[in-house]
Amino acid sequence: MSDISRWEELFRQGRLQELSAAAMDLTRKHFGDSVFLRGLLEYSNHCSCNCLYCGIRRDNARVERYRLDDRMIYAAVDAGFSRGLRTFVLQGGEDPEFGTDRMCRLVRGIKKRTGGMAAVTLSCGILSREDYAALKDAGADRYLLRFETSDPELHRYLRNGVNLERRLKALDDLRSLGFQTGSGFMVGLPGEDDELTLRNIRLARELELDMIGIGPYIPHPATPLAETPQVPLKKTLLATAMLRIACPKAHIPATTAAGSLEPDGRERMLRAGANVLMPNISPVEVKPHYLLYPGKICLDEDGLHCIGCLSGRVALVGRKLDFDRADGRVIHDRTDSRASV
Ligand code: SAH
Ligand code: SF4
């Protein structure tokens, strides 16, 4: 039995303590006590896609739609930068109003006002290779595009006809263009069993990702999947620990979805091997309208207040916030053999 399959067996048995202990050894080895920060800006909740799981899908007529203008985006970046943030993640629906030219302008604008010190991460869905190339030329450093599930059939169904293959091609384009590449998946999608979660983890490993974002799937009441049962947070914690073991050097955020499912969800992800937090620095007035899932936390807090709160939370788990921009480690040493576990 290979080392990984030994851990996979513990995953199947739900042995969170043993998996977390091994995961934390690797987290400390590669990142020490540091928990890195990424400021998240949700620039638009318009989306031309209709993913069955998502609260801001095209057909959800109950969403109050918004777009941030450049001035609001720069104001949030300036405030975050002065508070020490060195990575800004621009995330949104697939919104044609935020075409490549506009995104390039925003990337250049952020680079300029931060004196080139901040990393810019984009998370705007599937685009053509030419568009990704233009964004890279404009200075974008990183891109997040979760594959959501590694099961092709389930993927096509949940993403309303969009193929897994198309998603993987986009990830391949991003990586070959030199982006630090992030992907990941939701845990507990309808029809998912432990074996599929393990296949998701194996795909994340094969993709040699710099960043891997996972979180619990939380059914949204205004979607076709409203009646799906909620899978307990423990599954996400097991998957987090297993991911750290499979991908020791990847940046793994303790995601807002985990903190929304359980009040201490993010702290528990940190204890299972996560090493990044993503305070939401979107303007408070738009936060309640970017509800991919219900129960999202910190809607009436501004993101800079969040940094103070997060600092206390990481101290409780024996770690400290680190304001380094923390570039991906994997992209720099793809040929490095994986740490043995
Ligand atoms: N439009 C972009 C980015 C915004 S969605 C994209 O789809 O890539 C960001 C992530 O939110 C998705 O990748 C998905 O994994 C997650 N998400 C969407 N709906 C969710 C839900 N109901 N519960 C938990 N996570 C969800
Ligand atoms: Fe749009 Fe992303 Fe939601 Fe899909 S998950 S509907 S692409 S915002």
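Now for a look at the structure at hand. Here the residue numbers are simple positions, counted from 1 along each chain's written sequence. Throughout, the order in which chains and ligands are written sets their labels, letters from A for the former and numbers from 1 for the latter. Two thresholds apply to this predicted model, a pLDDT of at least 70 for residue-level local features and 80 or more for giving and counting side-chain atom pairs, whereas whole-chain, interface and lining totals are computed over all residues. With hydrogens and water set aside, each side-chain value is computed from the structure's full complement of heavy atoms.

## Considering the overall build of the protein chain
Right, on to step 1. Tallying secondary structure elements over the protein chain gives twelve helices and nine strands in all.
Right, on to step 2. Computed over its C-alpha atoms, the radius of gyration of the protein chain comes to 19 Å, within 12% of the 20 Å expected for a compact globule of 341 residues.
Right, on to step 3. Seen through its principal axes, the protein chain has C-alpha atoms that stretch 55 × 40 × 40 Å.
Right, on to step 4. Only protein chains enter the calculation, and the probe is 1.4 Å; a residue is then buried if its accessible area is under 20% of its type maximum, exposed if over 50%, and partly exposed in between. Residues counted as buried form 57% of the 341 residues belonging to the protein chain.
Right, on to step 5. Intrachain contacts of the protein chain at a sequence separation of at least 6 include 76% that bridge at least 24 residues.
Right, on to step 6. Surface accessibility follows the Shrake-Rupley procedure with a 1.4 Å probe radius. Residue values consider only the protein chains on display as shielding. In the structure as shown, the protein chain presents an accessible area of about 13500 Å², 51% of it carried by carbon and sulfur atoms. Helix and strand labels come from DSSP, where a helix needs a run of H or I of at least four residues and a strand needs a run of E of at least two; each type is numbered from the N terminus. We compute the radius of gyration from the C-alpha atoms alone; for a globule the expected value is 2.2 Å times N to the 0.38, where N is the number of residues. Only heavy atoms enter the contact rule, under which two residues are in contact if any of them lie within 4.5 Å.

## Some remarks on the sheet that holds strand β9 (residues 320–322)
Right, on to step 1. Only strands joined by at least two bridges in the DSSP assignment are considered to pair. With parallel pairing, three strands are arranged side by side in an open sheet as β8-β1-β9. This sheet does not close on itself; its edge strands, each paired only once, are β8 (276–277) and β9.
Right, on to step 2. For helices, the fitted axis covers only the stretch in contact; all axes are lines through C-alpha atoms, and the angles between them, taken along N-to-C directions, range from 0 to 180 degrees. On the sheet, helix α12 (residues 303–316) packs against β1 (34–37), β8 and β9 and is oriented at approximately 130 degrees with respect to β9.

## Here we look at the site of ligand 2
Right, on to step 1. Nearness is defined per residue: one heavy atom within 4 Å of the molecule or strand is enough. Surrounding ligand 2, one finds C47, C49, C51, Y53, C54, I56, R57, G93 and R159.
Right, on to step 2. Note on residue categories: nonpolar means Ala, Val, Leu, Ile, Met, Phe, Trp, Tyr, Cys or Pro, charged means Asp, Glu, Lys or Arg, and polar means any other residue, Gly included. Among the residues making up the shell around ligand 2, the classes are represented as six nonpolar, one polar and two charged.

## Thoughts on the environment of V231
Right, on to step 1. The residue V231 is located in the loop between β7 (211–216) and α9 (233–246) in this model.
Right, on to step 2. Residues V231 and I218, 13 residues apart in the sequence, show an inter-C-alpha distance of 8.2 Å.

## Considering the site of ligand 1
Right, on to step 1. Close to ligand 1 lie 16 residues; Y53, G92, R146, E148 and I218 are nearest.
Right, on to step 2. For the purposes of these results, a polar contact is taken to be a pair of N or O atoms within 3.5 Å, where, inside protein, one atom must be able to donate a hydrogen and its partner to accept one; residues adjacent in sequence count only when each atom of the pair is a side-chain atom. The contact in question runs from an oxygen atom of ligand 1 to an N or O atom on the side chain of R146, over 2.9 Å.
Right, on to step 3. In the environment of ligand 1, a nitrogen atom lies 2.9 Å from a nitrogen or oxygen atom belonging to the backbone of I218.
Right, on to step 4. Burial of ligand 1 by the protein chains amounts to 93% of its free accessible area of 540 Å².
Right, on to step 5. Among the residues forming the shell around ligand 1, the class breakdown is nine nonpolar, four polar and three charged.

## Quick notes on the sheet that holds strand β6 (residues 180–187)
Right, on to step 1. Strand order in the open sheet formed by six strands is β2-β3-β4-β5-β6-β7, with parallel pairing between adjacent strands. With one partner strand each, in any of the chains shown, β2 (39–44) and β7 form the two edges of the open sheet. Strand-to-strand, the axes of this sheet are offset by a mean angle of 20 degrees, without reference to chain direction.
Right, on to step 2. Pairing between strand β5 (residues 142–144) and β6: three bridges, direction parallel. Bridging across to β6, R142 finds its partner in Q180.

## Some words on unusual backbone geometry
Right, on to step 1. Unlike most non-glycine residues, C298 shows phi in positive territory, near 65 degrees.
Right, on to step 2. The residue C298 is located in the loop between β8 and α12 in this model.
Right, on to step 3. Not every positive phi belongs to a glycine, and A326 is a case in point at roughly 45 degrees.
Right, on to step 4. Relative to the helices and strands, A326 resides in the segment after β9.

## Side note on the nonpolar core
Buried together is how nonpolar side chains tend to be arranged in soluble globular proteins.
Right, on to step 1. Buried Ala, Val, Leu, Ile, Met, Phe, Trp, Tyr and Cys residues form a nonpolar core when they are joined through side-chain atoms within 4.5 Å. Core analysis: the biggest nonpolar cluster contains 96 residues, and L19, L90, M103, L122 and L277 have the highest contact counts within it.
Right, on to step 2. Of the residues forming this core, the biggest block, nine residues, is contributed by α9.
Right, on to step 3. In contact with M103, not counting residues within four places along its chain, are Y43, L90, F98, L122, C124 and L135.
Right, on to step 4. Core analysis: the second largest hydrophobic core is formed by seven residues, F31, V89, V276 and A326 among them.

## Structural notes on helix α1 (residues 3–12)
Right, on to step 1. Listing the buried residues of α1 in full gives I4, W7, E8, L10 and F11. Looking down the long axis of α1, one finds its buried residues gathered within 155 degrees of arc, a one-sided arrangement.
Right, on to step 2. On its buried face, α1 is in contact with α2 (16–31), α8 (194–206) and α9.
Right, on to step 3. Directly beyond the C-terminal end of α1, a positive phi value near 70 degrees is found at G14. Of all possible arcs, the one meant is that of the directions from the helix axis to the C-beta atoms.

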